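Observations on chain architecture
One letter stands for each residue in the lines below.
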Amino acid sequence: MNWDDTTDTPAEERLVGSVADREDQAVEAALRPKDLGEFIGQEKVREQLDLVLRAARARGATADHVLLSGAPGLGKTTLSMIIAAEMGAPIRITSGPAIQHAGDLAAILSSLQEGEVLFLDEIHRMSRPAEEMLYMAMEDFRVDVIVGKGPGATAIPLELPPFTLVGATTRAGLLPPPLRDRFGFTAHMEFYEPAELQRVVHRSAHLLDVEIDTAGAAEIAGRSRGTPRIANRLLRRVRDYAQVKADGVITKEISAAALAVYEVDARGLDRLDRAVLEALLKLFGGGPVGLSTLAVAVGEERETVEEVAEPFLVREGLLARTPRGRVATPAAWAHLGLTPPRAAGTGNGQQDLFGA
């Protein structure tokens, strides 16, 4: 999913956007748990990964290659750092878009130390030549470096020390099967439950030296879209509000008032989300309506509505994608406090002209 766009409301500028900006990256570095015991949520993934790492340590071997998939902000980078820490190994961090040529990957692989963890973010965006080189590196711990061009080109085999590749992707379906099959352990990161996010908020508040009560943490967690990164971002904005408008203590009332200022409602919808729903309900009677028409109605690019707003609205059961267009659900009418027209329940968005 491409989270970048050129509209006035790009994903990375939204308070509830899941893409990390520079401030997020700096704060996340301070808030990241250092081991699996500190990591909150993803119980199955943690249990399975703990077994993989403990077994590798017992054998005195490097851990199997690990593939982590899931939406942005769920902790893939954090888990990669925990893997390195649990194995007592250094970590090298890069990303798929940064590796555009096989030579780029060869330079990174040839400089790895034995047992080192290579974290490759957005691995599905790596170039095809580099991807094919990675097959051999993962399986046989060697690469063939091509010297020269044309008929006179020769392949020089380069042996690599054993290493652990941790790949992260938001779109696992784009990975070719030969690459997926070379990972010894694959995990899918799920969205967090409110209770888990509440624990995340409490932990982050403690590390940020912010006083917060249980109800205040629950209010922030409930508006965080199941994503720790968003929960931490909302916590920082609520902290600012509490320091300026109150006594610095975050309560449920302070959290609600602060997030009302930032236009994040009780369900985690922001201005863009509500604009899409209001246009769909008020202008088009709940739909169906085409995506381009809906985008024009809210004054946004088609890609912004489809890739930035719609995924969360669909996940929340507020909007449905159908062959005839976008359709609002009964939950959308209820959330905005509007009464659906009599024919809205049929999904055709048209009034009965004959009153039957």
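One can find the structure itself at the top, above this paragraph.
Let me begin by describing the structure that accompanies this report. (Residues numbered from 1 in each chain as written. Predicted model: local features only at pLDDT ≥ 70, side-chain atom pairs only at ≥ 80, totals over all residues. Heavy atoms only, no water.)

1. Remarks on the overall build of the protein
- Scanning the protein from terminus to terminus reveals 14 helices and 9 strands.
- Looking at the 356 residues of the protein, the share that counts as buried comes to 48%.
- Long-range pairs, those at least 24 residues apart, make up 69% of the contacts in the protein between residues at least 6 apart in sequence.
- Carbon and sulfur atoms provide 52% of the accessible area of the protein, an area that totals close to 16900 Å². (Helix = DSSP H or I, 4+ residues; strand = E, 2+ residues; numbered from the N terminus. Buried < 20%, exposed > 50% of the residue type's maximum accessible area, 1.4 Å probe, protein only. Contact = heavy atoms within 4.5 Å. Areas by Shrake-Rupley, 256 points an atom, 1.4 Å probe, with all protein chains shown as cover.)

2. What to know about the environment of Ala130
- Note that Ala130 resides in helix α5 (residues 128-140).
- A sequence separation of 34 residues divides Ala130 from Gly96, and the C-alpha atoms of the two residues are 9.4 Å apart.
- When residues no more than four places from it in sequence are discounted, the contact partners of Ala130 are Ile99, His101, Ala102 and Leu105.

3. Some details on the packing of helix α11 (residues 271-283) against helix α13 (residues 302-315)
- Running from N to C, α11 and α13 cross one another at 90°; their axes reach a closest spacing of 10 Å. It follows that α11 is roughly perpendicular to α13 by the angle criterion. Within the contact between the two elements, α11 uses Leu272, Asp273, Val276 and Leu277 and α13 uses Thr304, Val305, Val308, Ala309, Phe312 and Leu313.
- Looking at side-chain class alone, the contact of α11 with α13 contains 8 nonpolar, 1 polar and 1 charged residues. (Axes fitted to C-alpha atoms, helices over the stretch in contact; angles between N-to-C directions. Parallel < 35°, antiparallel > 145°, perpendicular 65-115°, else oblique. Nonpolar A, V, L, I, M, F, W, Y, C, P; charged D, E, K, R; others polar.)

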